[in-house]
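# Analysis of the macromolecular model
This is what each chain is made of:
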Amino acid sequence: MINTNLKFWRRELSLTQAQLADKLGIKRSLIGAYEEGRAEPKLTTLVKMARLFGISLDALVTTDFSKKRQAAAVLRQLQNVPALDAPTTVAAGTDGASLDKASGENLRVLAFTVDQQQNENIELVPLKAAAGYLNGYADQEYIEDLPKFRLPMLGQTGTFRAFEISGDSMLPIASGTVIVGRYVADWNEVKDGSPCIVVSKKEGIVFKRVFNRLKEAATLTLHSDNPVYSPYEIDVEDVLEIWEAKSYISSTFPIADLSLNRLASIVLDLQKQVTTMKKA
């Protein structure tokens, strides 16, 4: 679909492959590979294409414009699509009900940044920026101002973001740890017990184990690893983003288990060793 649409719109705009490549900031050979179906454009390149053609990203990847030549011009006039140099964001679907929101069918915008090689960065949301994130999570300018880094071991699949957490609800992961999560587009795919960063209107940014109750009650149940804290539910309509934890960065090593039961076990082991030594 993308290859035929790319060829269609390039001809509609009377552009050569070289001219289109120049406008998109990529090599001409890539345009040929895209049009022949030998390669797939990166997400950032698709966004640039959609803006250049004056259509939505969704239309670019789902509508066969070669069969709708007359509708193409009308669609461009009806849609309010930002210019090519507008902020890089990704939108999915249209407005819908709670289950549509959970599956990504509802409008959900993801802003991100890329490096000079068009690789996505990992943006860090430090504690001091957590409050502003609730208003700026979909704002490209806000995202661009966040610290950025890359972790090659995470691979190229998915969009990642890092969040500094606070509190002791997820011990032994200490307060101040940075959780690196992968963006979850379809919340129905979250498996019970998955550690996730959940961004919501009421709770802000929290790190919890998520138990999926979307199909039964349109809610998520959030559990802490620290038994002192009780689980609680959050309505899907209150959720803004979910990032499944894939790694963490900490300057504090996990605290050893020094509970009374653990200490008793250590003493018992020592007593057994002393008894064995006396018999030897």
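In what follows, the structure referred to is the one given above.
Residues numbered from 1 in each chain as written. Predicted model: local features only at pLDDT ≥ 70, side-chain atom pairs only at ≥ 80, totals over all residues. Heavy atoms only, no water.

Here the focus is the sheet that holds strand 6 (residues 178–183). Read across the open sheet, the nine strands follow the order 4-3-5-6-11-7-8-9-10; overall the sheet is mixed. Taken across any chain shown, the strands that pair with only one partner, and hence form the sheet edges, are strand 4 (148–149) and strand 10 (232–235). The pairing of strand 9 (residues 219–223) with strand 10 spans four bridges and is antiparallel. Within the sheet, the bridge partner assigned to Thr 221 lies in strand 10 and is Glu 233. (Pairing = 2+ DSSP bridges. Helix = DSSP H or I, 4+ residues; strand = E, 2+ residues; numbered from the N terminus.)

Below, the discussion takes up the packing of helix 1 (residues 2–12) against helix 3 (residues 28–35). One way to put it is that helix 1 packs onto helix 3 with a least axis distance of 7 Å and a crossing angle of 120°. Taken together, helix 1 and helix 3 sit at an angle that is classed as oblique. Residues Asn 3, Leu 6, Lys 7 and Arg 10 of helix 1 touch helix 3, and the partners they reach there are Ile 31, Tyr 34 and Glu 35. In the contact of helix 1 with helix 3, the residues fall into three nonpolar, one polar and three charged. (Axes fitted to C-alpha atoms, helices over the stretch in contact; angles between N-to-C directions. Parallel < 35°, antiparallel > 145°, perpendicular 65-115°, else oblique. Contact = heavy atoms within 4.5 Å. Nonpolar A, V, L, I, M, F, W, Y, C, P; charged D, E, K, R; others polar.)

Here we take up unusual backbone geometry. Only a minority of non-glycine residues have a phi that is not negative, and only a minority of peptide bonds are not trans. With an omega of 15°, the peptide bond between Leu 171 and Pro 172 qualifies as cis. Summarising the element assignment, Pro 172 is placed in the loop between strand 5 (160–164) and strand 6. Positive phi, close to 55°, is recorded for Ser 14, a residue that is not glycine. Mapped onto the secondary structure, Ser 14 falls in the loop between helix 1 and helix 2 (17–24). Overall, Ser 14 belongs to the exposed group, its relative accessible area being 62%. Its identity is not glycine, yet Ala 218 carries a phi of approximately 55°, on the positive side. Looking at the element boundaries, Ala 218 is found in the loop between helix 10 (214–217) and strand 9. (Buried < 20%, exposed > 50% of the residue type's maximum accessible area, 1.4 Å probe, protein only.)

Let us now look at the pattern of salt bridges. The final tally for this structure, using the stated rule, is six salt bridges. One salt bridge connects Asp 225 with Arg 209, and the closest N-O pair in it is separated by 2.7 Å. In this pair, Asp 225 sits in the loop between strand 9 and strand 10 while Arg 209 sits in strand 8 (residues 204–213), placing the two residues 16 residues apart along the sequence. A residue is classified by how much of its surface remains accessible, and Asp 225, at 31% relative accessible area, is partly exposed. Measuring nitrogen to oxygen at the nearest pair gives 3.8 Å for the salt bridge that ties Lys 246 to Glu 244. In this structure Glu 244 comes out as partly exposed when scored by relative accessible area, which is 25%. (Salt bridge = Lys/Arg side-chain N within 4 Å of Asp/Glu carboxyl O.)

All right, on to a nonpolar patch on the surface then. A surface patch of nonpolar side chains, about 380 Å² in accessible area, is lined by Leu 260, Leu 263, Ile 266 and Leu 270. Its location among the elements puts Ile 266 in helix 11 (residues 260–279). (Patch = residues over 30% accessible without salt bridge, like charges linked within 9 Å, V, L, I, M, F, W, Y side chains within 5 Å. Areas by Shrake-Rupley, 256 points an atom, 1.4 Å probe, with all protein chains shown as cover.)

Right, let's get into the side chain of Ser 169. By the element assignment, Ser 169 lies in the loop between strand 5 and strand 6. A polar contact is formed between the side chain of Ser 169 and the side chain of Lys 208, at a distance of 3.1 Å. (Polar contact = N/O pair within 3.5 Å; in protein donor to acceptor, adjacent residues only side chain to side chain.)

Further remarks concern helix 3. Considered for burial, the residues of helix 3 that qualify are Ile 31, Gly 32, Ala 33, Tyr 34 and Glu 35. Buried positions along helix 3 lie against helix 1, helix 2 and helix 4 (43–53).

With respect to burial, strand 5 is a largely interior element, four of its five residues being buried. As paired elements, strand 3 (residues 122–125) and strand 5 share three bridges and run parallel to each other. Within the sheet, the bridge partner assigned to Val 125 lies in strand 5 and is Phe 163. Bridge count between strand 5 and strand 6: five bridges; the pairing is antiparallel. Residue Arg 161 lies in a different strand from strand 6, and its bridge partner there is Gly 181.

Below, the discussion takes up the environment of Val 190. Mapped onto the elements, Val 190 comes out in the loop between strand 6 and strand 7 (194–200). With relative accessibility at 8%, the residue Val 190 sits in the buried group. Between the C-alpha atom of Val 190 and that of Ile 242, which follows or precedes it by 52 residues, the distance is 9.0 Å.

Turning to the side chain of Thr 219, a few remarks are in order. Considering the arrangement of structural elements, one finds Thr 219 in strand 9. Classification of Thr 219 by relative accessible area gives buried; the value is 8%. With near-sequence residues (within four places) excluded, Thr 219 lies in contact with Asn 212, Arg 213, Leu 214, Glu 233, Ile 234, Asp 235 and Val 236.

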